[in-house]
Amino acid sequence: MQWTPPLDPQQYPKLEPLLARQGRTLDWLNTDDGDPYGARNVARWSIHQVTKLVPFHYRAAVAQRPELNTWIRGLVTDAQAEQKRRGAPVASINRGPSLLLLGPTGVGKTYEAYGAIRELAVTGIVARWTVVAAADLYAQLRPRHGVDSETEFQKYSKAGILLVDDLGAGGKVSEFTEDINFRLVNYRYDHELPTLITSNVLPKELSARLGDRVASRLTEMCQRVVITGQDRRRGVAA
Ligand SMILES: Nc1ncnc2c1ncn2[C@@H]1O[C@H](COP(=O)(O)OP(=O)(O)OP(=O)(O)O)[C@@H](O)[C@H]1O
Ligand SMILES: [Mg+2]
């Protein structure tokens, strides 16, 4: 684990509310106890890593839905138990349940997802996130000269912990996108790899939109959280 110096709170917005949820403070985070594998250094390192991953718009996101906090707590507890069992120097997230965030446009699904990524970072547990919007995933996996689509696909299917934003959004479902959705969800399901998925597909339309086999696996592997409300973007514009 790379030693990470104290973090300037100006450059890492809204860490305090995230730390407070763990019963911790900025002082705790920035006190160097000289242990590179200790929770403080892992947290500083993780915050630094996720800051590169979280888009600027969501840089200060703090998840509001209690189901996300509970999901994170569960992952952390399991990782710590596994660390103890194996006598590993750090606790890291390798396996666990998934979460499906559903809701119409603009209610805050992506915000909640990035809030969860930031929250996990301050726990002092190693979580190797990969983040992708479903539409970008399809674009990246289209067969192209000089690109090995299978290697690209495995970056996502085998990711330690994965955020798939906006699954099922956009244009018509094609055989190609259906195949990617199935292979991705099936792999994550088979290996119990924790996955955070957002979608604006209505709960009752999941099967129709994503196919029965994808919807069935998602039902078993994911806790489902439905966010309702107005489009917050329009609220800002008004
Ligand atoms: N709890 C919150 N506090 C402050 N701002 C929020 C909160 N939740 C969402 N927002 C803001 O509201 C807007 C819409 O949120 P977001 O992008 O997460 O919506 P979404 O549900 O992912 O929409 P879409 O389905 O179009 O992708 C964004 O500007 C986001 O930063
Ligand atoms: Mg979104």
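Everything numeric in this text was worked out from a predicted model, so none of it was measured.

Visitor: I would appreciate a short explanation of the site of ligand 1 in the present structure.
Guide: Surrounding ligand 1, one finds 14 residues, the nearest of these being His 57, Tyr 58, Lys 109, Thr 110 and Tyr 111. For ligand 1, an oxygen atom lies 2.8 Å from a polar atom in the backbone of Gly 106. Thr 110 places a polar side-chain atom, nitrogen or oxygen, 2.8 Å from an oxygen atom of ligand 1. For ligand 1, whose unbound accessible area comes to 630 Å², protein coverage reaches 81%. The set of elements that each furnish at least two residues to the shell around ligand 1 consists of α5 (109-121) and α11 (232-237). Per-element tally for the shell around ligand 1: the top contributor is α5, with 3 residues.

Visitor: Looking at this structure, how should I read the pairing of strand β3 (residues 161-165)?
Guide: If a strand is regular, its side chains alternate between the two faces of the sheet. When you tally the buried positions in β3, you get 5 out of 5 residues, the bulk of the element. Every second residue of β3 is oriented toward a common face, with Ile 161, Leu 163 and Asp 165 on one face and Leu 162 and Val 164 on the other, all of them buried. Note that strand β2 (residues 129-133) and β3 share 5 bridges and pair parallel. If you follow Trp 129 over to β3, its bridge partner there is Ile 161. When β3 meets strand β4 (residues 195-199), the two strands line up parallel, connected through 3 bridges. From the neighbouring strand, Val 164 faces β4, where its bridge partner is Ile 197.

Visitor: Where do I start with helix α8 (residues 175-190) in this structure?
Guide: In an α-helix, one full turn covers 3.6 residues, which means residues spaced three or four apart are oriented alike. Taking 1.5 Å as the rise per residue, α8 with 16 residues should run 22 Å; its terminal C-alpha atoms sit 22 Å apart, in good agreement. Thr 177, Ile 180, Asn 181, Phe 182, Leu 184, Val 185, Asn 186 and Arg 188 are the residues of α8 that are buried. Tucked inside the fold, the buried residues of α8 contact α6 (134-141), α7 (149-157), β3, β4, α9 (206-210) and α10 (212-221). Backbone geometry just downstream of α8 places Glu 192 in the positive-phi region, at approximately 50°.

Visitor: Where do I start with unusual backbone geometry in this structure?
Guide: Comment: phi is negative for the bulk of residues other than glycine, and the bulk of peptide bonds are trans. Even without being a glycine, Lys 14 presents a positive backbone phi close to 55°. For Lys 14, the location among the structural elements is in the segment before α1 (16-21). Notably, Glu 192 is not glycine yet its phi reads approximately 50°, a positive angle. Among the structural elements, Glu 192 can be located in the loop between α8 and β4.

Visitor: Just checking my understanding: could you explain the pattern of salt bridges for this structure?
Guide: Here the idea is simple: oppositely charged side chains can pair when their charged atoms come close. Tallied over the full model, the rule gives 9 salt bridges. Of the charged contacts in the structure, one is a salt bridge between Asp 33 and Arg 40, with a shortest N-O distance of 3.6 Å. Put simply, Glu 150 and Arg 183 hold a salt bridge, and the shortest N to O gap is 2.8 Å. Here the residue Glu 150 occupies a position in helix α7, and Arg 183 occupies one in helix α8, the gap between them amounting to 33 residues. One network of salt bridges, with partners in common, ties together Glu 82, Arg 85 and Arg 86.

Visitor: Would you explain the packing of α6 against α7 in this entry?
Guide: Pairs of packed helices are described in terms of their axes, by the angle between the two and the distance that separates them. Packing of α6 against α7 brings their axes to within 9 Å, and their N-to-C directions diverge by 155°. Put simply, α6 runs roughly antiparallel to α7. Together, Leu 137, Gln 140 and Leu 141 of α6 and Ser 149, Glu 152, Phe 153 and Tyr 156 of α7 make up the contact between the two elements.

Visitor: Honestly, the packing of aromatic side chains in this entry has me stumped. Any pointers?
Guide: Aromatic ring pairs are defined here through the distance separating the ring centres and the angle between the ring planes. Under the criterion given, the structure shown has 1 aromatic pair. Taking the centre distance of 5.4 Å and the plane angle of 25° together, the rings of Tyr 58 and Tyr 114 count as stacked. Residue Tyr 58 is located in the loop between α3 (39-53) and α4 (66-86), and its partner Tyr 114 is located in helix α5; the two are separated by 56 residues in the primary sequence. Here the basic side chain of Arg 59 rests over the ring of Phe 56, its NZ or CZ set 3.8 Å away from the ring centre.

Conventions and cut-offs
Residues numbered from 1 in each chain as written. Chains lettered and ligands numbered in written order. Predicted model: local features only at pLDDT ≥ 70, side-chain atom pairs only at ≥ 80, totals over all residues. Heavy atoms only, no water. Near = heavy atom within 4 Å. Polar contact = N/O pair within 3.5 Å; in protein donor to acceptor, adjacent residues only side chain to side chain. Areas by Shrake-Rupley, 256 points an atom, 1.4 Å probe, with all protein chains shown as cover. Helix = DSSP H or I, 4+ residues; strand = E, 2+ residues; numbered from the N terminus. Buried < 20%, exposed > 50% of the residue type's maximum accessible area, 1.4 Å probe, protein only. Pairing = 2+ DSSP bridges. Expected span 1.5 Å × (residues − 1). Contact = heavy atoms within 4.5 Å. Salt bridge = Lys/Arg side-chain N within 4 Å of Asp/Glu carboxyl O. Axes fitted to C-alpha atoms, helices over the stretch in contact; angles between N-to-C directions. Parallel < 35°, antiparallel > 145°, perpendicular 65-115°, else oblique. Phe/Tyr/Trp six-rings, centres within 6.5 Å; stacked < 30°, edge-to-face > 60°. Lys NZ or Arg CZ within 6 Å of the ring centre and 35° of its normal.

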